[in-house]
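For reference, the chains in residue letters:
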Amino acid sequence: MRVLTCLTEEHNLFLVALAALICVVGAVVLNRLFDKNRRSAPKARLPWLFLGAMAGGATIWCTHFVAMLAYRPGVEVSYAPVLTGISLIVGMLACGLALAVGAMRGRYAAATGGAIFGLGVTAMHYTGMSAFTAEAFVIWSPAYVVASVIAAVVGGATAFHIATDDRPWLRPVVAPLLLVLTIVALHFTGMGALTVMPLVPSADATLLTEAEALLAAGVAAVGFLILGTAVASYALEEQTERHSRDRLAALIEGSVDGMVVVANGKVRLANHAFTELCGVQEGQTMGSPIEDWIEDVASLQPGLLMQSRVKARDGAPVPVEIAVREEMAASEGVVMIYAVRDLRARQAQERRIAHLARNDSLTGLPNRTSFLEKLERLAATGENFALLALDLDRFKEVNDLYGHAVGDRLLVHVADNMRAAIGEGEFVARLGGDEFVALIPIRERMDAHAAAERLRGAILTPLEAEHAELQCGASIGIALWPDDATETSVLINDADLAMYRAKGSLTTDICFYEGAMDEAVRQRRRITLGLRDALENDRFELHYQLQASVETGDVTGFEALLRWKQADGSYISPADFIPLAEETGLILPIGEWVLRRACSEAASWDKPHRIAVNLSPVQLSHVDLPRLVHQILIETGLSPNRLELEITETAMISDMERTTHILRQLKLLGVSVAMDDFGTGYSSLSTLRAFPFDKIKLDRTFMSELDGGPQSKAIIRAVLALGESLDIPILAEGVETQEQLVFLREQGCDEVQGYLLGRPSRDAVDPNVEAERKAQVA
């Protein structure tokens, strides 16, 4: 009641209203300056502390001084200039200290700063009241003084605490209002504590003089000028920051990655890419804690690229990669910039790559890598299982007839059927091409056979394609763990051996591994290594077999035949090593050695006899063959018309167009080309028509069967007649008796070759041997 009486009866209400206006404007400005100071970097706070101290001190002092001018105690009053000035300084220092403490980091920093503000307002008020002088008794009420101090401290602490709340209606509205109430409550409660008893009452003392009104207006103007300066500085700084924020916003908006700018733990800027990751509308992230959007923010370290997850509002958390950069901003202090990259596409691609690394891209079955890992894990368990090696039969025919696209469809069809046919714990994989493997847990041997039959049945299921039912067979080899092997690599080799046995068998498509298979493989390996050694150490020899004219008995040439001599003087039959050389590709260097050695030796003969050299189908398919022949002829100096290259019809059938092209190139070099072993292959007239052969060599089997019946003689007559009609000379191989020679002479055969003229040997080219052989033919 005393405070209300003081306000209504002892104050000039106009000046009270002016003081209130100063207080309201000052409180709003002080609240803004406190927020700016709190958000600024520590090194950038000094200008805002100065402006806050000036504006806050001016607000408190001007409000107090104008309100004191409004106070009419009924006696002439005056104010001591020094104490009045000191009160202004006290107010400014107290505001500066309050702003500095309130901006510190800490749970109670703002409330502590507010309490200091309240104490500062109290100190300024009572310092100013100490400057009050009048001819009267001045009596103070301790209770009101204490109440004013409590009101100031509590009000200030509450106002500063609320000023740190980012809710839109608290900080800009409630906090300034509480500051106003704090200042007003302190002043008028403090004034309520004052009782002035004039010694000489004066009626004129209750009236506001013109000088006092002018003084009040001047004080208010100075206060508003200080506040205006602070507001202008604040507005200028805000405009600069807004321009910087707009530039930064435009910059981060141009990034395809999510970009977030965070100050004091709150989102200040976020681009469209980040809001899309969060699944919210633009602007919804602004002002919210960054922890609401990114998991484990505290673990993210500046300068490091780390993975985390974005808390999407519309679904599951989004895996992201985050780079954090720490910057210092004058207005915000420490600012964290988060570059957030969506990892979903990359992780999906990584999963696809990982899948492709462990699975076949065509069929989706596990690949060789997965198979080997599974095999090792299964072997480590110590349980019994079977390894099945499966190779598709007739698949190449489908590829050749219908194309690779249909072949791929058939592989997918087979894989799907096998996948559906396997049971629990069983495993099937594709190694490549038409090769598959399966791992089958077993209790006894027949479990493996049953699984093989089941998979074979799945493979045999036909595919409807190209208006036909396409079907593959399967050759399956089975090796048992640990019965057949205790090492995984050996087990794989055993299953392959069994599969090759099944592939070569006419009676069964499923074979179990047997120990004897290893011996055959070792023998092949020994021969292969021996061939390499013979080639490197010149252990091959060329033997020559004479060819002679039936009519005159003259030697027409020699056929070069390869021999492989062993250390004990024995020879390995060409039938044992030539097929293996063709399989391993060694036939190419061996064939080159034969051709070069034959041409070199023939060039040194006294007589210019023709030299015949056999070509393997592998050599004939090599595009560099014409160049190689030309190079050897140049190196050895052998005349091209002395070289005769013998090929079989089978070698031509595999790729007629390509082979014919190569043969024509050889003919252009001047060498002759003979068809060897005529009558044992296709013996197709189209082959003779496709290429102009220089000679046809009748296979030796017709000579061995000449006495067996009239059919052989009829065939020989037909071939000889064919050669005569095509104007191609015929050479009969395998002539061993005079009766055979007489028959061939009677039928008009051109040349002969065989044991009757002599076995292949190194000295077959000797002139004395030639004369002897000529006498035999004549």
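### Thoughts on the overall build of the protein chain
A tally of helices and strands in the protein chain yields 27 helices and 25 strands. In the protein chain, buried positions account for 47% of the 778 residues. Put simply, of all contacts in the protein chain between residues at least 6 apart along the chain, 67% involve residues at least 24 apart. Just so you have it, the protein chain exposes about 37600 Å², and 57% of that area is on carbon and sulfur atoms.

### Thoughts on the sheet that holds strand β15 (residues 473-481)
Spatially, the 5 strands line up as an open sheet ordered β11-β12-β10-β15-β16, and their pairing is mixed. What marks the edges here is a single partner per strand, and that holds for β11 (427-432) and β16 (510-512). The average undirected angle you get between the axes of adjacent strands in this sheet is 20°. Here strand β10 (residues 385-393) pairs with β15 via 9 bridges, running antiparallel. Within β15, the residue paired with Leu390 across the bridge is Ile476. Helix α11 (residues 368-381) contacts β10, β11, β12 (435-441) and β15 of the sheet and is inclined by roughly 140° relative to β11. Along the sheet, helix α15 (residues 488-504) contacts β10, β15 and β16; its crossing angle with β15, the most-contacted strand, is approximately 145°.

### Overview of a nonpolar patch on the surface
A cluster of nonpolar side chains, namely Phe137, Ile139, Met197 and Leu199, defines an oily patch on the protein surface of about 410 Å² accessible area. Structurally, Leu199 is set in the loop between β4 (194-198) and α8 (210-253).

### Observations regarding the nonpolar core
Most often, soluble globular proteins keep nonpolar side chains buried together rather than apart. In this structure, Ile611 and Leu643 are the most contacted members of the largest nonpolar core, which totals 73 residues. Here the element with the most residues in this core is helix α18 (residues 587-603); it accounts for 8 residues. Aside from chain neighbours lying at most four places away, what touches Leu643 is Leu595, Cys599, Ile611, Val613, Val629, Leu633, Leu638, Val671 and Ser672. In terms of nonpolar packing, the next biggest core, distinct from the first, is built from 36 residues, Leu15, Cys23, Leu49 and Ala152 among them.

### Digging into the packing of helix α6 (residues 142-163) against helix α7 (residues 170-192)
In the contact formed by α6 and α7, the axes pass within 8 Å of each other and the chain directions differ by 170°. Considering their axes alone, α6 and α7 lie roughly antiparallel with respect to each other. Among the residues forming the contact of α6 with α7, the class breakdown is 16 nonpolar, 8 polar and 1 charged.

### Topic: unusual backbone geometry
Keep in mind that most residues, glycine aside, have a negative phi and that most peptide bonds are trans. The step from Trp481 to Pro482 runs through a cis peptide bond, and the omega angle for that step is 0°. With respect to the secondary-structure elements, Pro482 resides in the loop between β15 and α15. At Asp538, a residue that is not glycine, the phi angle is positive and equals roughly 55°. Looking at where Asp538 falls in the secondary structure, it is placed in the loop between α16 (516-536) and β17 (540-549). A relative accessible area of 43% places Asp538 in the partly exposed class. A positive phi is found at Asp727, a non-glycine position, where the angle reads about 60°. If you trace the backbone, Asp727 turns up in the loop between α25 (710-726) and β24 (730-733).

### Notes on the pattern of salt bridges
The tally for this structure, following the rule as stated, stands at 25 salt bridges. Glu373 is the partner of Arg358 in a salt bridge, and the nearest nitrogen-oxygen pair spans 2.5 Å. In this pair, Arg358 sits in helix α10 (residues 344-358) while Glu373 sits in helix α11, placing the two residues 15 residues apart along the sequence. Among the salt bridges present, the one from Lys695 reaches Glu751, with a minimum N-O distance of 3.4 Å. Placement of Lys695 in strand β23 (residues 695-698) and of Glu751 in strand β25 (residues 751-753) is noted, with a sequence separation of 56 residues between them. For Glu751, a relative accessible area of 10% translates into the label buried. Members of the salt-bridge network, linked through shared partners, are Glu559, Glu646, Lys697 and Glu733.

### Comments concerning the pairing of β15
Burial runs high along β15: 9 of the 9 residues are buried. Of the two faces of β15, both are covered, the one formed by Gly473, Ser475, Gly477, Ala479 and Trp481 as well as the one formed by Ala474, Ile476, Ile478 and Leu480. Note: β15 against β16, 3 bridges, orientation parallel. Following the sheet pairing, Gly477 is matched in β16 by Cys511. Tracing the backbone out of β15, into α15 and back to the parallel element β16 gives a crossover that is left-handed.

### What about the side chain of Arg642?
Looking at the secondary structure, you find Arg642 in the loop between α20 (625-636) and β21 (643-648). For Arg642, a relative accessible area of 12% gives the class buried. At 3.0 Å, the side chain of Arg642 and the backbone oxygen of His609 are in polar contact. In contact with Arg642, other than residues within four places in its own chain, are Ala602, Ala603, Trp605, Lys607, Pro608, His609, Arg610 and Ile611.

### Re the packing of aromatic side chains
Tallying each qualifying case throughout the model produces 10 aromatic pairs. Here the aromatic rings of Phe540 and Trp593 are separated by 5.9 Å at their centres, their planes lie at 55°, and the arrangement is tilted. Of this pair, Phe540 sits in strand β17 while Trp593 sits in helix α18, and the two are 53 residues apart along the sequence. In terms of burial, Phe540 and Trp593 fall into one category: buried. Sitting over the ring of Phe512, Arg445 keeps its end group 3.9 Å from the ring centre. For Arg759, the ring lying beneath its charged end belongs to Tyr755, and the centroid distance is 3.9 Å.

### Let's talk about α25
Side chains of residues three or four places apart in an α-helix project in the same direction, reflecting 3.6 residues per turn. End to end, α25 covers 24 Å across 17 residues, agreeing with the expected 24 Å (1.5 Å per residue, within 8%). Every buried residue of α25 is accounted for by Ser712, Ile716, Val719, Leu720 and Gly723. Burial along α25 is one-sided: seen end-on, the buried residues are contained in an arc of 95°. Residues of α25 that are exposed and point more than 90 degrees away from the buried face comprise Pro710, Gln711, Glu724 and Ser725. Taken together, the buried residues of α25 touch β22 (672-678), β23, α24 (701-704), β24 and α26 (738-746). The positive-phi residue at the C-terminal boundary of α25 is Asp727, with phi of around 60°.

### What to know about the pairing of β21
Buried residues dominate β21, accounting for 5 of its 6 residues. Bridge count between strand β20 (residues 610-614) and β21: 4 bridges; the pairing is parallel. Following the sheet pairing, Asn614 is matched in β21 by Glu646. Sheet analysis places β21 next to β22, joined by 5 bridges and oriented parallel. Its bridge partner lying in β22, Ile647 is registered against Met675.

### A few points about α18
Taking 1.5 Å per residue as the helical rise, α18 with its 17 residues ought to reach 24 Å, and the 24 Å between its terminal C-alpha atoms agrees with that figure. Every buried residue belonging to α18 is among Ile587, Ile590, Gly591, Trp593, Val594, Leu595, Ala598, Cys599, Glu601 and Ala602, and all of these are buried.

Definitions and cut-offs
Each chain carries its own residue numbering, running from 1 in the direction its sequence is written. Local features in this predicted model are restricted to residues of pLDDT 70 or higher, and side-chain atom pairs are both shown and tallied only at a pLDDT of 80 or more, whereas totals for entire chains, interfaces and linings draw on every residue. Hydrogen atoms and water are omitted, and side-chain values are computed over all heavy atoms in the structure. Helix and strand labels come from DSSP, where a helix needs a run of H or I of at least four residues and a strand needs a run of E of at least two; each type is numbered from the N terminus. Only protein chains enter the calculation, and the probe is 1.4 Å; a residue is then buried if its accessible area is under 20% of its type maximum, exposed if over 50%, and partly exposed in between. We call two residues in contact whenever any of their non-hydrogen atoms come within 4.5 Å of each other. A 1.4 Å probe and the Shrake-Rupley method give the accessible areas. Residues count as covered only by the protein chains that appear here. Any two strands between which DSSP finds at least two bridges are classified as paired. For every element, the axis is a line fit to its C-alpha atoms; helices are fit only across the contacting stretch, and the angle between N-to-C directions ranges from 0 to 180 degrees. Like-charged residues are merged into a patch within 9 Å and nonpolar side chains (Val, Leu, Ile, Met, Phe, Trp, Tyr) within 5 Å, provided each residue has over 30% relative accessible area and no salt bridge. Here, a salt bridge means any Lys or Arg side-chain nitrogen found within 4 Å of an Asp or Glu carboxyl oxygen. Nine residue types can take part in a nonpolar core, namely buried Ala, Val, Leu, Ile, Met, Phe, Trp, Tyr and Cys, and a core is a set of them joined through side-chain atoms within 4.5 Å. Working rule for angles: under 35 degrees goes down as roughly parallel, over 145 as roughly antiparallel, 65 to 115 as roughly perpendicular, anything else as oblique. Under this grouping Gly is polar, as are all residues other than the nonpolar Ala, Val, Leu, Ile, Met, Phe, Trp, Tyr, Cys and Pro and the charged Asp, Glu, Lys and Arg. Viewed with both strands pointing away, a crossover whose connecting path from the first strand over the helix to the second turns clockwise is right-handed. Under the rule applied, a polar contact is a pair of N or O atoms within 3.5 Å (in protein, one hydrogen donor and one hydrogen acceptor; residues adjacent in sequence only if both atoms are side-chain atoms). Centres within 6.5 Å are what make two rings of Phe, Tyr or Trp a pair, Trp counting through its six-membered ring; a difference in plane orientation under 30 degrees is then read as stacked, over 60 as edge-to-face, and the rest as tilted. Two conditions define a charge located above a ring, namely a distance within 6 Å from the ring centre to NZ of Lys or CZ of Arg, and an angle within 35 degrees of the ring normal. One fewer than the residue count of a helix, multiplied by 1.5 Å, yields its expected span. It is the directions from the helix axis to the C-beta atoms whose arc is reported.

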